[in-house]
Amino acid sequence: MALPSHRRRLAVSATLIAALAAGLAPATSAFAAPAVTPAAPAPATAPAPDMDGVTAALKAAMANGAPGAMARYVGPDGIQSRTAGVRDRVSGAATDVNARFRIGSVSKTFSTVVLLQLVQEGKLSLDAPVNKYLPGALPDDRITVRHLLTHRSGLGDYTDAMFNSTVPGFEAVRKKVFSYQELLDLSLALPRTTEPGVSYKYSNANFVVVGMLIEKATGRPVADAYKRRIITPLKLRQTSYVHPDTQIKGLHARGYLHPDEAGAPLVDSTEQTVSWAQSAGAVISSPADLNYFTGALMRGRLLSPAMLEAMTTVTPTDATNTRFYGLGLRRYDLSCGTQIFGHTGTVQGFYTYAFSTRDGMRSLSAVANTSNHGAANTALGGTLEAAFCGKKPAAAAARADASPSATDMTAERDLPERH
């Protein structure tokens, strides 16, 4: 079903686009790193979204265990949304594209924007050691701020052990309130995964330290930084950071966690502190707000051209040459040649995709209200190819099958998956 036209302006001037393209390349560290991959120019004519394909992806997510799923696309011709299934298994309430939900690791992009604004203001430097700002916090003075944002610090991910047994692990922390230091201590008790700057290894611990840096630099809780620097300027009325409160207020989708045991009943995981994640994954939002956030970010509403260029300068995360990571930002290269920037999100009960083209003119947000069921996450990722590449002629579809895009393969995992 199509929604009314968005009141926010989607067009940007040629002057602004030129300014965005003029950013400075980030400084290199003293340690070897893979060659960076610049963004390719956007296609001259964007294909119309394949909303039937989007619907098929949502239904595929349901067929793989999600009670419901939804997607909202914004492009030059307006807004289109699709929904499937239910947002509440008890009441039977249908999925509603206006509902709020937990966005999981899409929160990392929010945290990165705040940190890069602090860099712009001269309060931090990307290539300075983290211990310069948090003396003695890390065991290695070589770990820089940039290493945190690119997942190249070598800090182990404490969530691997925390959720080794999915439901018992979740129930043990559902109502718990951690300090940042407690979470960091869990990471520091683990072996290091890499030398600083050498290789990509995703770890939620990196963005725990990012939260610590934000609070040290601002003297205020990270919630204040999100609100003052992103939520209020962009008028994101459905976005909030309520840690350690457990409820999602207003119209929202309920989240359902799959136990590790096949056939075991789903666990309603909606209400939790998300204190185990905080600045790594505790933001609440809606499809409309995520569309606007990713689009505004790419259009230069939140960062200087130099900082946006640094954020979107990426290195590969695997051998497919279709998946990359910048500063708190993923890049996927789709089968049609389109590059999209954003983040995936996993928190107990929710899978999220929030992506935009580099010019910010096309955005998609999609969510399924389940987790710990990787097939549902992979299926939901199919919304990206359908929305940004459109319908494929038979010949093009055959070529795509021979050379799969990032979203044709198993979804990247932001948390351990046991099912």
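Let me sum up the structure you'll find in this document. Please read all numbers here as calculations on a predicted model, not as lab measurements.

## Comments concerning helix α7 (residues 166–173)
Here comes step 1: Within the span of α7, buried status applies to Thr-166, Val-167, Gly-169, Phe-170 and Val-173. The buried residues of α7 occupy an angular sector of 160° when projected down its axis, which confines them to one face. In α7, the exposed positions angled more than 90 degrees off the buried face are occupied by Pro-168 and Ala-172.
Here comes step 2: Looking at the buried residues of α7, the elements they touch are α6 (159–162), β4 (256–257) and β5 (267–268).

## A short note on the nonpolar core
For soluble globular proteins, the rule of thumb is that nonpolar side chains tend to be buried together.
Here comes step 1: Counting residues in each nonpolar core, the largest one holds 80 residues, and the members touching the most others are Phe-110, Leu-115, Val-130, Leu-213, Trp-276, Leu-297 and Leu-303.
Here comes step 2: Trp-276 has contacts with Tyr-158, Thr-159, Met-162, Phe-163, Val-173, Phe-178, Leu-183, Val-347, Gln-348 and Leu-415, leaving out every residue within four places of it along the chain.

## A few points about the sheet that holds strand β13 (residues 370–371)
Here comes step 1: The 3 strands lie next to each other as β5-β4-β13, forming an open sheet whose pairing is mixed. Two strands in the sheet have a free side with no partner beyond their single neighbour: β5 and β13.
Here comes step 2: Across 2 bridges, the pairing between β4 and β5 is antiparallel. Across the sheet, the residue bridging to Leu-257 is Val-267, located in β5.

## Some details on the pairing of strand β2 (residues 78–85)
Here comes step 1: In the sheet, strand β1 (residues 68–75) pairs with β2 via 8 bridges, with the strands oriented antiparallel. The partner of Arg-72 across the bridge, within β2, is Ser-81.
Here comes step 2: With antiparallel pairing between neighbouring strands as the criterion, β1 and β2 make up a hairpin whose turn holds 2 residues.

## Topic: the state of the cysteines
When the sulfur atoms of two cysteines share a covalent bond, that bond is a disulfide.
Here comes step 1: This model, assessed by the stated rule, comprises 1 disulfide.
Here comes step 2: Here Cys-336 pairs with Cys-389 through a disulfide, and the sulfurs are 2.1 Å apart. Judged by the torsion about the S-S bond (-70°), the Cys-336/Cys-389 disulfide is left-handed. In this pair, Cys-336 sits in the loop between β9 (330–333) and β10 (339–347) while Cys-389 sits in helix α14 (residues 382–389), placing the two residues 53 residues apart along the sequence.
Here comes step 3: Cys-389 sits in the buried class, given a relative accessible area of 7%.

## Digging into unusual backbone geometry
Here comes step 1: Cis geometry is found at the peptide bond from His-243 to Pro-244, where omega equals 10°.
Here comes step 2: In this structure, Pro-244 sits in the loop between α10 (222–234) and β4.
Here comes step 3: The backbone of Val-274 shows a phi angle near 55°, a positive value even though the residue is not glycine.
Here comes step 4: As for its position among the elements, Val-274 is in the loop between β5 and β6 (284–285).
Here comes step 5: Of note, the phi angle at Asn-372 is positive, near 60°, even though the residue is not glycine.
Here comes step 6: Inspection of the secondary structure puts Asn-372 in the loop between β13 and α13 (374–380).
Here comes step 7: Using a relative accessible area of 3% as the deciding quantity, one classes Asn-372 as buried.

## Notes on the pattern of salt bridges
Here comes step 1: If you walk through the whole model with that rule in mind, you get 17 salt bridges.
Here comes step 2: With a closest N to O distance of 2.9 Å, Glu-171 and Arg-174 form a salt bridge.
Here comes step 3: The exposure class assigned to Glu-171 is partly exposed, which follows from its relative accessible area of 39%.
Here comes step 4: One network of salt bridges, with partners in common, ties together Asp-140, Arg-142, Arg-192 and Glu-195.

## A word on empty space enclosed by the protein
Here comes step 1: For the coordinates displayed, the defined rule picks out 6 cavities of 30 Å³ or more.
Here comes step 2: If you add up the space inside the largest cavity, you get close to 100 Å³.
Here comes step 3: Taken together, Phe-163, Thr-166, Phe-170, Leu-257, Thr-346, Val-347, Gln-348, Ser-371, Asn-372, Leu-415, Pro-416 and Glu-417 make up the full set of residues lining the largest cavity.
Here comes step 4: Of all the elements in the fold, those that place two or more residues in the lining of the largest cavity are α7 and β10.
Here comes step 5: Class assignment of the residues belonging to the lining of the largest cavity gives a composition of 6 nonpolar, 5 polar and 1 charged.

## Examining the pairing of β9
The two faces of a sheet get side chains in turn, since along a regular strand they alternate between them.
Here comes step 1: Taking every second residue as pointing to the same face, both faces of β9 are buried, with Arg-330 and Tyr-332 on one and Arg-331 and Asp-333 on the other.
Here comes step 2: Where strand β8 (residues 323–325) folds back on β9, the antiparallel hairpin that results is connected by 4 residues, among which Gly-328 adopts a positive phi of roughly 60°.
Here comes step 3: Strand direction decides the pairing type here: β9 and β10, joined by 4 bridges, are antiparallel. Bridge assignment links Arg-331 to a residue of β10, and that residue is Phe-341.
Here comes step 4: Taking the residues that link successive antiparallel strands as the turn, the β9-β10 hairpin has 5 residues, and the phi of Gly-337 there is positive, at about 95°.

## A closer look at the side chain of Thr-294
Here comes step 1: Tracing the sequence through the fold places Thr-294 in helix α11 (residues 287–298).
Here comes step 2: You can call Thr-294 buried: its relative accessible area is 6%.
Here comes step 3: Not counting residues within four places of it along the chain, the set of residues in contact with Thr-294 comprises Ala-354, Phe-355, Ser-356 and Ser-363.

About the cut-offs
Residues numbered from 1 in each chain as written. Predicted model: local features only at pLDDT ≥ 70, side-chain atom pairs only at ≥ 80, totals over all residues. Heavy atoms only, no water. Buried < 20%, exposed > 50% of the residue type's maximum accessible area, 1.4 Å probe, protein only. Helix = DSSP H or I, 4+ residues; strand = E, 2+ residues; numbered from the N terminus. Arc of directions from axis to C-beta. Contact = heavy atoms within 4.5 Å. Core = buried A, V, L, I, M, F, W, Y, C linked by side-chain atoms within 4.5 Å. Pairing = 2+ DSSP bridges. Disulfide = S-S within 2.5 Å. Salt bridge = Lys/Arg side-chain N within 4 Å of Asp/Glu carboxyl O. 1 Å grid on protein atoms, 1.4 Å probe; cavity = no way out; pocket = protein on both sides within 12 Å on 5 of 7 lines; lining within 4 Å. Points joined across faces, edges and corners; volume = space filled by probe spheres on them. Nonpolar A, V, L, I, M, F, W, Y, C, P; charged D, E, K, R; others polar.

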